[in-house]
Amino acid sequence: MRDPNKQTIFSGVQPSGHLTLGNYLGAIKHFGTLQDEYNCIYCVVDMHAITIRQDPAGLRRQTLELLAQYIACGIDPKKSILFVQSHVPAHAQLAWVLNCYTMFGEMSRMTQFKDKSSKHADNINVGLFDYPVLMAADILLYQAHKVPVGIDQQQHIEITRDIAQRFNGIYSDTFVIPEGFYPKVGAKINSLSEPSKKMSKSDENPNGYILLLDKPEDIMRKFKRAVTDSDNRIIRAEGKDGITNLITIYAAATGKSPEEVEAEFAGKGYGAFKPAVGEAVVELLRPVRETTEDLLKNKDYLEQIYQEGAEQANAIARRTLDKVYRKIGFVKR
Ligand code: AQP
């Protein structure tokens, strides 16, 4: 399955809730399209999800749901490695080593930690602070060249590169230095109710996000209620965060450029635009929802996929971990 002439792609998504349109347009939509050109490895990052308190039964359910959604969104388990992070111990093992090559000061600058710790002030745990090092371990274990993610992860990709370069500088080349791979349109989808903020699956207000499994009528209702402005022109401009966001969503959903969307709706008002965005998203997500629902009826198949994925991932990850252990001076078992 792995072609030594191809570069490697790695990415992961947390099963910390139900997937949103932001997760889809920013990351997952692109995963399937990369499978022929790259060796692709995709992970359900359940160890990241517990940095925020999760209900155990909910986490198990969401892990399987995410696996099903990966497949429904176009990942072919025969072409890509698909696995669950906690099934491959090398992630935690490498993260510990990398902790010792990561500075407290550089980690203190991570904006996601600041955002999430202000949202979860009663549970600012060390794991939340250490999240970027675990993410660095995820990526570096597989010697990934490219990491398709939304723009919110850019700072984490940068610190991954810094850690890898530091380690390589001390011990000679060990890790491939990865690059972030951001979509041209859709790298940041904002909330429908607070359009200056990122759309997030853990948002307390369900009107702010569209879930991949939302029913068509709920999608239409959320778009009709989306916060905009009173100007009634469909253009991207400062002070028009809501409309700018809807233009991005419509463009990403239909494959048009934002300029083409502005031209298509020139002279029309929000009364025409908002339902058009809703309908485009309903059609985009319909096959994803239907396939996910079918796959979730076949738990044995999903189990077989994640078992095989863990074996393949483990073999690759173990090679990198052995190399790291040797270089830092751990005695071979
Ligand atoms: N709003 C977004 N626009 C574009 N891309 C997004 N991503 C997330 N939100 C948007 C991208 O989706 C991938 C998976 O994200 P994640 O689940 O690992 O973590 P996250 O970035 O913290 O996503 P959420 O939805 O905001 O989760 P919670 O609410 O649990 O923190 C990543 O590639 C991310 O860039």
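None of the values given here were measured: they were computed from a predicted structure.

**Q** Just to check I follow, could you spell out the overall build of the chain for this structure?
**A** The number of helices and strands found in the chain is 13 helices and five strands. For the chain, the C-alpha radius of gyration of 21 Å lies close to 20 Å, the compact-globule estimate for 333 residues. In terms of its C-alpha atoms, the chain occupies a principal-axis envelope of roughly 70 × 45 × 40 Å. Burial analysis of the chain (333 residues in total) assigns 54% to the buried set. Of all intrachain contacts in the chain linking residues separated by at least 6 positions in sequence, the fraction that spans at least 24 positions is 77%. When the accessible area of the chain is evaluated, it comes to approximately 15400 Å², of which 50% is carbon and sulfur surface.

**Q** Would you take a moment to explain the pattern of salt bridges for this structure?
**A** Two side chains of opposite charge can pair, provided their charged atoms sit close to one another. The full count for this structure, using the stated rule, is 16 salt bridges. For Lys 222, the salt bridge is made with Asp 214, and the minimal N-O distance between the two is 2.9 Å. In terms of burial, Lys 222 and Asp 214 fall into one category: buried. One connected set of salt bridges, linked through shared partners, spans Asp 229, Asp 231, Arg 233 and Lys 240.

**Q** Any chance you could explain the site of the ligand here in plain terms?
**A** Close contacts around the ligand come from 21 residues, with Lys 116, Asp 152, Ser 200, Lys 201 and Ser 202 the closest. The contact in question runs from an oxygen atom of the ligand to an N or O atom on the side chain of Asn 23, over 3.2 Å. Take Ser 202: an N or O atom from its side chain is 2.4 Å from an oxygen atom of the ligand. Contact with the protein chains hides 98% of the accessible area of the ligand, taken as 640 Å² for the molecule alone. Of the residues in the shell around the ligand, the class split is six nonpolar, ten polar and five charged.

**Q** Help me understand the side chain of Gln 85, please; the structure alone is not making it clear to me.
**A** For Gln 85, the location among the structural elements is in the loop between β3 (81-84) and α4 (90-99). Taking relative accessible area as the criterion, Gln 85 reaches 0% and is therefore assigned buried. In this structure, Gln 85 is in contact with Cys 43, Val 44, Val 45, Asp 46, Met 47, His 48, His 91, Leu 134 and Asp 138, ignoring residues within four places of it in sequence.

**Q** Would you mind going over unusual backbone geometry with me for this structure?
**A** Apart from glycine, the bulk of residues carry a negative phi angle, and the bulk of peptide bonds sit in the trans form. Non-glycine residue Ser 172 carries a positive phi angle of around 80 degrees. Counting through the fold element by element, Ser 172 comes out in the loop between α8 (154-171) and β5 (179-181). One non-glycine residue with positive phi stands out, namely Asn 232, at about 65 degrees. Among the structural elements, Asn 232 can be located in the loop between α9 (216-224) and α10 (241-254).

**Q** Teacher, can you tell me more about the packing of α10 against helix α12 (residues 270-295) here?
**A** A pair of packed helices can be characterised by two numbers: the angle between their axes and the separation between those axes. Remark: α10 packs on α12, axes separated minimally by 9 Å, with the N-to-C direction vectors making an angle of 40 degrees. One way to sum up the angle between α10 and α12 is to call them oblique. α12 is crossed by α10, and the crossing has left-handed handedness. Here α10 contributes Ile 243, Leu 246, Ile 247, Ile 249, Tyr 250, Ala 253 and Thr 254 to the contact with α12, which in turn contributes Tyr 270, Phe 273, Lys 274, Ala 276, Val 277, Ala 280, Val 281 and Leu 284.

**Q** Can you help me understand helix α1 (residues 21-31) in this one?
**A** Burial analysis of α1 places nine of its eleven residues in the buried class, which makes it a mostly covered element. Those residues of α1 that fall on the buried side of the exposure criterion are Leu 21, Gly 22, Asn 23, Tyr 24, Leu 25, Gly 26, Ala 27, Ile 28 and Phe 31. Of the residues that open α1, the one with a side-chain oxygen 3.1 Å from the backbone nitrogen of Gly 22 is Thr 20.

**Q** Can you help me understand the environment of Gln 85 in this one?
**A** C-alpha separation for the pair Gln 85 and Lys 119, spaced 34 residues apart in sequence, amounts to 25 Å. A distance of 2.9 Å separates a polar atom in the side chain of Gln 85 from the backbone nitrogen of Met 47.

**Q** Before we go on, may I ask you to explain the packing of aromatic side chains in this structure?
**A** Aromatic ring pairs: the centre-centre distance and the angle between the two ring planes describe each pair. One pass over the full model with this rule turns up 16 aromatic pairs. Between Tyr 101 and Phe 167 the ring centres are 5.1 Å apart and the planes differ by 65 degrees, which places this aromatic pair in the edge-to-face class. Of this pair, Tyr 101 sits in the loop between α4 and α5 (104-107) while Phe 167 is found in helix α8, placing the two residues 66 residues apart along the sequence. Both residues of the pair, Tyr 101 and Phe 167, count as buried. Relative to Phe 265, the ring of Tyr 250 has its centre 5.4 Å away and its plane inclined at 80 degrees; by these criteria the two rings are edge-to-face. Of the two residues, Tyr 250 sits in helix α10 while Phe 265 sits in the loop between α11 (258-264) and α12, which places them 15 residues apart along the sequence. An aromatic cluster is built from Tyr 101, Phe 167, Tyr 171 and Phe 175, whose rings are joined through pairwise contacts. For the cation-ring pair, Lys 268 lies above Phe 265, with the distance from its terminal atom to the ring centre recorded as 5.5 Å.

Definitions and limits used
Residues numbered from 1 in each chain as written. Predicted model: local features only at pLDDT ≥ 70, side-chain atom pairs only at ≥ 80, totals over all residues. Heavy atoms only, no water. Helix = DSSP H or I, 4+ residues; strand = E, 2+ residues; numbered from the N terminus. Rg over C-alpha atoms; globule rule 2.2 N^0.38 Å. Buried < 20%, exposed > 50% of the residue type's maximum accessible area, 1.4 Å probe, protein only. Contact = heavy atoms within 4.5 Å. Areas by Shrake-Rupley, 256 points an atom, 1.4 Å probe, with all protein chains shown as cover. Salt bridge = Lys/Arg side-chain N within 4 Å of Asp/Glu carboxyl O. Near = heavy atom within 4 Å. Polar contact = N/O pair within 3.5 Å; in protein donor to acceptor, adjacent residues only side chain to side chain. Nonpolar A, V, L, I, M, F, W, Y, C, P; charged D, E, K, R; others polar. Axes fitted to C-alpha atoms, helices over the stretch in contact; angles between N-to-C directions. Parallel < 35°, antiparallel > 145°, perpendicular 65-115°, else oblique. Left-handed = near helix turned anticlockwise from the far one by under 90°. Phe/Tyr/Trp six-rings, centres within 6.5 Å; stacked < 30°, edge-to-face > 60°. Lys NZ or Arg CZ within 6 Å of the ring centre and 35° of its normal.

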